[in-house]
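Take a look at the letters that make up each chain.
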Amino acid sequence: MSSSDRRLFLTTCLSLAALAGCGFAPVYAPGGSADGLRGAVTVAAPSNANSYELVKRLEERLGRNLSAPYALDYSITTRSEDVGVTPRQEITRTQILGAIEFSVTSNATGKVVESGSLSNFTAYSTEGSTVSTASVERDANRRLMVSLADMMVTRFTATYAGWGE
């Protein structure tokens, strides 16, 4: 083991020991605050390309269970803004702003256990052919939906322990 490898190993061990000493605990571990979240939420079916990407990512992160104890409903809005314009008024960059409003309902009680809204943005270059611009626009929308889904999962892991109350 080289000297730099040993330093990295020791630094990693010390960091993990410090985290354990400060009360760090994995959220998905048995007894963790989000233990049981995976497979606990049924996501509403997608109705367009953006919602398909959102649902796909949510199901990757949360699992797919059509008889889960909670149901997630959502509403996505997006809008585009031109942010890169040349002196000749040619658009070189477009920004997509996205927002999602969501609510998680207990199937047993009908009570909303979590709700809110999240927003984010992404951008893409419009320089190039029509085909390449359409391709990067689709990719930007996909990245935006993945980002919003990840933000939602982060929020769910932080609040899941209180959903049963």
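Our subject is the structure that appears above.
Residues numbered from 1 in each chain as written. Predicted model: local features only at pLDDT ≥ 70, side-chain atom pairs only at ≥ 80, totals over all residues. Heavy atoms only, no water.

### Focus: the side chain of Glu 53
Here Glu 53 shows up in helix α2 (residues 49–62). Buried Glu 53, no salt bridge; nearest opposite-charge side chain is Lys 56, N-O distance 4.2 Å. Discounting residues that sit within four places of it in the chain, Glu 53 has contacts with Arg 142 and Met 145. (Helix = DSSP H or I, 4+ residues; strand = E, 2+ residues; numbered from the N terminus. Buried < 20%, exposed > 50% of the residue type's maximum accessible area, 1.4 Å probe, protein only. Lys, Arg positive; Asp, Glu negative; His and termini not counted. Salt bridge = Lys/Arg side-chain N within 4 Å of Asp/Glu carboxyl O. Contact = heavy atoms within 4.5 Å.)

### Describing the pairing of strand β2 (residues 70–85)
On a regular strand, each side chain points to the face opposite its neighbour's, so the side chains alternate between the two faces of the sheet. In this sheet, β2 lies alongside strand β1 (residues 41–43) in parallel orientation, the contact comprising three bridges. From the neighbouring strand, Val 43 faces β2, where its bridge partner is Leu 72. Across 15 bridges, β2 lies against strand β3 (residues 91–106) in antiparallel orientation. Counterpart to Val 85 in the pairing with β3 is Ile 91. With antiparallel pairing between neighbouring strands as the criterion, β2 and β3 make up a hairpin whose turn holds five residues, including Gln 89 at a positive phi of roughly 65°. (Pairing = 2+ DSSP bridges.)

### Some remarks on the packing of α2 against helix α3 (residues 130–159)
Their axes nearest at 8 Å, the elements α2 and α3 cross at an angle of 40°. Accordingly, the angle class assigned to the pair α2 and α3 is oblique. The element α2 and its partner α3 pack so that their crossing is right-handed. Seen from α2, the contacting residues are Asn 50, Glu 53, Leu 54, Arg 57, Leu 58, Arg 61 and Leu 62; seen from α3, they are Asn 141, Arg 142, Met 145, Val 146, Leu 148, Ala 149, Asp 150, Met 152, Val 153 and Phe 156. (Axes fitted to C-alpha atoms, helices over the stretch in contact; angles between N-to-C directions. Parallel < 35°, antiparallel > 145°, perpendicular 65-115°, else oblique. Left-handed = near helix turned anticlockwise from the far one by under 90°.)

### Considering the sheet that holds β2
Read across the sheet, four strands follow the order β1-β2-β3-β4 without closing on themselves; strand pairing throughout is mixed. Strands with a single pairing partner mark the edges of an open sheet, and in this sheet they are β1 and β4 (112–125). Taking the axes of each pair of neighbouring strands and ignoring which way they run, one obtains an average angle of 25° across the sheet. With 13 bridges connecting them, β3 and β4 associate as antiparallel partners. Across the sheet, the residue bridging to Phe 102 is Gly 116, located in β4. In this fold α3 packs onto β2, β3 and β4, with an angle of close to 150° to the strand it touches most, β4.

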